[in-house]
Amino acid sequence: MPRSTRPTRRGTRSSALLTVLAVVAAALAACSPPGQPGPSDPTYAELGRQALHTLEHGYYDGDGAWNVCVPHICGTGNVDWGVDSLTYALYFHWSLTHDRGVTPIMSALRGTAINYSPAVDTSSDVPVWDTIADVREYQVTGDVEALAKAEAAFRFVSGGGSRFALGACPAVDYQLPGGGGSKLKTLETASNYTKAALLLYQITRFRGYLRDAEREYAAVRRYFLSPGVPLYTVYVFDNGSACTQVPARYFGSVNGNMIWAGLYLARATGDASYLGQAVATARAVTRHLGDATGVYADLQAENDVTEPLIEAMYDMATVGRQGFARYWLLAQASAAASDLTASGTYGRFFGGPPPRAPVTAWQVNGGLTLALAAAALDPRGRPADPGFWRHATFVRHDLRLSARPVQFTFTGRAVAVIGTIGEACCQPGHAQVFIDGTQTYDQTGIWQNKSSSGRSLQDSVLFAWRWPTPGRHTVQIRPGVPNAKEGGPFFHMTGYEVVR
């Protein structure tokens with residue numbers, strides 16, 4: 001997917017950031033025994049303040065764009081899903097606090113946002129990711145130019161029938177004009193289209209946007225809803241004769257968008273069935289998309305973004321008054337505190353160890369938003385065990401996937417597989433994951449070669465899993481089933497971290 005980049009601005013971190021990091025690092029170092037938060041552990045309010053500081057001073061470049069990763073080695077941008085998710089996270093903070101310090105940042109981001117016209121050449125998902133970012137900038141600033149950019153970005157897709165709305169199921173768009181070589185239709189387009197249309201309706205009250213949202217929502221449920229479980233897979237291939245799901249690719253972004261859409265379509269239309277569908281999907285996330293302790297496990301390389309899921313669960317907990325969503329958010333925040341690095345970044349896996357590799361926008365957005373959500377829900381609360389991974393042991397174990405499955409066995413209560421994201425950069429190459437003989441519910445597995453930043457990132461966490469108590473476990477990696485999006489099989493680990 002296209003993205004704009006330019007050289008990263010150089011400079012040192014502010015003294016305020018260093019002070020905040022020192023306070024939190026000291027708290028983490030002094031953590032109490034496992035599962036027993038102590039007075040020296042950081043509160044969710046403190047973690048939320050640090051998340052905001054990391055967002056505004058670590059990832060925002062100070063000039064209308066986002067740093068693609070921290071440390072700043074990946075360039076900057078203000079287009080498409082990775083950096084857009086950071087705009088969403090900043091808006092989420094503003095929606096909770098109406099912090100005036102957010103306004104100039106959003107104003108600068110509005111100034112560098114793309115002006116979409118029919119002459120722009122891009123995929124269908126990029127403009128609708130950007131529509132939502134433009135809307136969020138408008139909601140903070142009130143700048144009509146931001147709203148105009150949002151509507152133009154939305155029209156690029158809604159009026160792009162000759163480019164995208166083709167094939168055997170034209171109710172959902174191809175990702176590439178005419179289907180491209182892959183003939184892929186992605187829920188990244190359709191779920192964001194639904195959310196974008198509903199946001200534009202909320203602002204303008206133009207009922208055409210509401211009709212767009214309802215029509216797209218219905219098409220999503222027809223083509224992307226998995227049989228037997230109220231979760232949405234992200235990929236459908238349309239070869240012109242039939243539309244076929246890639247099963248069980250349960251991206252957090254698209255399921256979060258559909259939860260959010262169901263909640264707010266119910267409020268906009270008075271149709272309670274939308275709310276029932278949203279609750280069913282949210283409950284399915286909590287039941288199926290976690291490890292053995294219930295910690296959400298985003299089984300991706302790093303191309304999914306989790307902010308939309310955190311945002312949706314927060315609105316489900318507050319606006320929708322669903323207690324299970326609040327419980328889930330705080331449980332995830334408790335686990336994610338042990339995923340926090342000394343520089344204030346979070347890894348992709350809430351239950352994993354602090355990442356040693358550079359942390360990209362695609363990876364960090366979920367943890368930052370989760371910290372902000374927990375701070376709003378339970379500011380005086382504390383994570384159960386922020387030092388969970390402090391005594392982990394690294395086991396060097398070079399393991400490469402061939403035609404046959406490979407596996408390793410260990411004894412412990414948590415494991416994190418380490419390797420290089422984008423080792424054969426930057427897309428084809430994935431594998432299936434089996435835990436003690438059972439495949440993970442989200443069958444995306446480890447899509448190792450998909451590197452959205454366009455870089456090979458060594459010492460990355462490829463997979464993380466926890467259990468309630470120590471035991472003997474086997475992680476088996478099997479070849480991924482080849483398809484036109486994920487490519488063929490690939491897996492290479494350099495070792496694993498284990499908590500005994």
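The structure displayed is predicted, hence computed values, not measured ones. (Residues numbered from 1 in each chain as written. Predicted model: local features only at pLDDT ≥ 70, side-chain atom pairs only at ≥ 80, totals over all residues. Heavy atoms only, no water.)

Caption draft 1: Region of interest: the sheet that holds strand β13 (residues 492-499). Ordered by their spatial adjacency, 6 strands build an open sheet running β8-β13-β9-β12-β10-β11, and the pairing between neighbours is antiparallel. Either end of the sheet is taken by a strand with one partner, and the two such strands are β8 (393-400) and β11 (438-439). In terms of strand pairing, strand β9 (residues 406-421) meets strand β12 (residues 457-479) through 14 bridges, oriented antiparallel. If you follow V417 over to β12, its bridge partner there is F463. (Pairing = 2+ DSSP bridges. Helix = DSSP H or I, 4+ residues; strand = E, 2+ residues; numbered from the N terminus.)

Caption draft 2: Spatial organisation of the confidence of the model for the protein chain. Mean pLDDT for the protein chain: 93, with 92% of residues reaching 70 or above. Under a pLDDT of 50 for its full length, residues 1-34 has, in the predicted model, 69 contacts with residues more than four places off or in other chains. (pLDDT = per-residue confidence, 0-100. Contact = heavy atoms within 4.5 Å.)

Caption draft 3: View of the packing of helix α2 (residues 44-59) against helix α13 (residues 361-377). α13 packs onto α2 with a crossing angle of 145° between their chain directions and a minimal axis gap of 7 Å. For α2 against α13, the interelement crossing comes out left-handed. Across the interface between the two elements, Y44, A45, L47, G48, A51, L52, T54, L55 and Y59 of α2 pack against A361, V364, L368, A371, L372, A374 and A375 of α13. (Axes fitted to C-alpha atoms, helices over the stretch in contact; angles between N-to-C directions. Left-handed = near helix turned anticlockwise from the far one by under 90°.)

Caption draft 4: Representation of the packing of helix α7 (residues 187-204) against helix α8 (residues 207-223) in the model. Running from amino to carboxyl end, α7 crosses α8 at an angle of 155°, the nearest separation of the two axes being 8 Å. Considering the angle they form, α7 stands roughly antiparallel to α8. Crossing handedness for the pair α7 and α8: left-handed. Counting all contacts with α7, which are made through L187, A190, Y193, T194, A197, L198, L200, Y201 and T204, the residues of α8 involved are R207, Y209, L210, D212, A213, R215, E216, Y217 and V220. (Parallel < 35°, antiparallel > 145°, perpendicular 65-115°, else oblique.)

Caption draft 5: Spatial organisation of helix α6 (residues 144-158). Between its terminal C-alpha atoms α6 stretches 21 Å, which fits the 21 Å expected from 15 residues at 1.5 Å a residue. Those residues of α6 that sit buried are A146, L147, K149, A150, A152, A153, F154, F156 and V157. Considering only its buried residues, α6 is in contact with α4 (102-112), α5 (125-141), α7 and α8. (Expected span 1.5 Å × (residues − 1). Buried < 20%, exposed > 50% of the residue type's maximum accessible area, 1.4 Å probe, protein only.)

Caption draft 6: Here's a closer look at α7. When the terminal C-alpha atoms of α7 are compared, their 25 Å separation across 18 residues agrees well with the 26 Å that a helix rising 1.5 Å per residue should span. Counted residue by residue, α7 has 15 buried out of 18 residues, so it is predominantly covered. Looking one or two residues beyond α7, the residue adopting positive phi is R205, at roughly 65°.

Caption draft 7: Spatial organisation of the pairing of strand β10 (residues 431-435). Burial analysis of β10 places 5 of its 5 residues in the buried class, which makes it a mostly covered element. Neither face of β10 is left uncovered, since the one carrying A431, V433 and I435 and the one carrying Q432 and F434 both have all their residues buried. As judged from the 5 bridges shared by β10 and β12, these two strands associate in the antiparallel manner. When the sheet's bridge partners are listed, V433 is paired in β12 with I477. Examined bridge by bridge, β10 and β11 share 2 bridges and lie antiparallel to one another. Bridge assignment links F434 to a residue of β11, and that residue is Q439. Connecting β10 to the next strand, β11, in antiparallel fashion are 2 residues, including D436 with a positive phi near 50°.

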